[in-house]
Amino acid sequence: GAGVSQSPSNKVTEKGKDVELRCDPISGHTALYWYRQSLGQGLEFLIYFQGNSAPDKSGLPSDRFSAERTGGSVSTLTIQRTQQEDSAVYLCASSLEVSNNQPQHFGDGTRLSIL
Amino acid sequence: AQSVSQHNHHVILSEAASLELGCNYSYGGTVNLFWYVQYPGQHLQLLLKYFSGDPLVKGIKGFEAEFIKSKFSFNLRKPSVQWSDTAEYFCAVTTYGNNRLAFGKGNQVVVIP
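The sections below set out a description of the structure shown in this document. In this text, all values refer to a predicted model and were calculated from it rather than measured experimentally.

In this section: the packing of aromatic side chains. Overall, the coordinates contain 17 aromatic pairs over all chains when judged by the stated rule. Arranged with centres 6.4 Å apart and planes meeting at 20 degrees, the rings of Y33(A) and Y35(A) form a pair that is stacked. Y35(A) shares its class with Y33(A); the two are buried. A ring pair is formed by Y35(A) and F106(A), whose centres lie 5.6 Å apart and whose planes are at 45 degrees; its orientation type is tilted. Taken as a pair, Y35(A) in strand β4 (residues 31-38) and F106(A) in strand β9 (residues 105-106) lie far apart in primary sequence, 71 residues in all. In terms of burial, Y35(A) and F106(A) fall into one category: buried. Grouped by ring-pair contacts, the aromatic residues Y33(A), Y35(A), F45(A), Y48(A), F106(A), F34(B), Y36(B), F51(B), F90(B) and F103(B) constitute a single cluster.

This is the structure:
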C-alpha cells in the first residue's frame with residue numbers, strides 16, 4: 001500500500017511569490033496533518049483536518065498560510081507572498097482518525113527554498 | 001501548551017555501544033508518547049509508542065522506551081547499536097483532547113563502524 005505522497009519534493013521560488021504544496025494521504029485515513037521542519041524551530045504543527053469538521057488552524061504562523069482539503073482526501077497548503085523565513089521542509093501526515101492514540105504516518109516532505 | 005525536551009542533540013558512538021536518549025515532557029495530564037526516527041534521506045517513521053499499560057515499550061529494530069510518569073520522562077534505549085542506526089530521533093507527545101504532535105528538537109545520532 002502506498003504511503004503519504006507529497007509533491008513537489010523540492011520547490012525553489014522567489015520571495016513574494018505564492019506556492020502550493022500538495023499532500024495525498026494514505027487511502028482510508030480520515031485525519032490529515034501539516035507540520036514544518038526548520039533548522040531553528042524543529043518540527044512544528046501547522047494545521048489538521050478530520051473528515052468534514054472544521055480544521056484546527058491553531059498552528060498556522062500567519063494569515064499568509066492557508067490549507068484546504070477537498071473531498072476528504074487530498075490537501076493543499078498555500079503560502080502567499082512567501083518570505084525567506086518560510087524556507088523549511090513541509091511535512092504531511094495522516095492517521096486513521098483524529099485520535100491521540102492513532103499514530104501519524106509521514107510523507108517525504110516538500111523542501112521549500114525562498115530566494 | 002505541552003513541550004518536549006531532548007538533551008544531547010548530537011551523539012556519536014561506536015558500534016555495539018549502548019544508546020540512551022532522554023526525553024522529558026511538560027504536561028500534567030494524560031499523555032501519549034512516541035519516538036520517531038528519520039534515517040538519512042528518508043521520511044519520519046514511527047519507532048515505538050506508549051498509550052497505556054506496561055510502561056516498558058518495545059519497538060522495532062531492538063529499541064525500547066520506558067515511561068516514568070513521576071519523572072515526566074520517556075527515554076529511548078538500545079543495548080547495542082549498529083551503523084544503520086545512524087539517524088535523527090524525535091520524541092513526541094499528544095495529550096488528551098489534543099491530536100497535534102508536539103516534538104522535541106531531536107537527537108542526531110551517528111554510529112561509527
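Having put the structure on the table, let's press on.
What follows concerns the interface of chain B and chain A. The partner chain A presents 22 residues to the 20 residues of chain B that form the contact. Both sides together, the interface formed by chain B and chain A hides about 1700 Å², and carbon and sulfur atoms give 54% of it. In this structure, D56(A) engages R100(B) in a salt bridge whose closest nitrogen and oxygen atoms are separated by 3.6 Å. For the interface between chain B and chain A, the tally reads seven residue pairs in polar contact (both at pLDDT 80 or more). Those elements that place two or more of their residues in the side of chain B that touches chain A are β5 (31-38), β6 (45-50), β10 (87-95) and β11 (98-103) of chain B. Ranked by residue count, the leading element in the side of chain B that touches chain A is β11(B), at five residues. Among the residues forming the side of chain B that touches chain A, the class breakdown is nine nonpolar, eight polar and three charged.

What counts, and where the lines are drawn
Residues numbered from 1 in each chain as written. Chains lettered and ligands numbered in written order. Predicted model: local features only at pLDDT ≥ 70, side-chain atom pairs only at ≥ 80, totals over all residues. Heavy atoms only, no water. Phe/Tyr/Trp six-rings, centres within 6.5 Å; stacked < 30°, edge-to-face > 60°. Buried < 20%, exposed > 50% of the residue type's maximum accessible area, 1.4 Å probe, protein only. Helix = DSSP H or I, 4+ residues; strand = E, 2+ residues; numbered from the N terminus. Contact = heavy atoms within 4.5 Å. Buried area = accessible area lost by both parts, 1.4 Å probe. Salt bridge = Lys/Arg side-chain N within 4 Å of Asp/Glu carboxyl O. Polar contact = N/O pair within 3.5 Å; in protein donor to acceptor, adjacent residues only side chain to side chain. Nonpolar A, V, L, I, M, F, W, Y, C, P; charged D, E, K, R; others polar.

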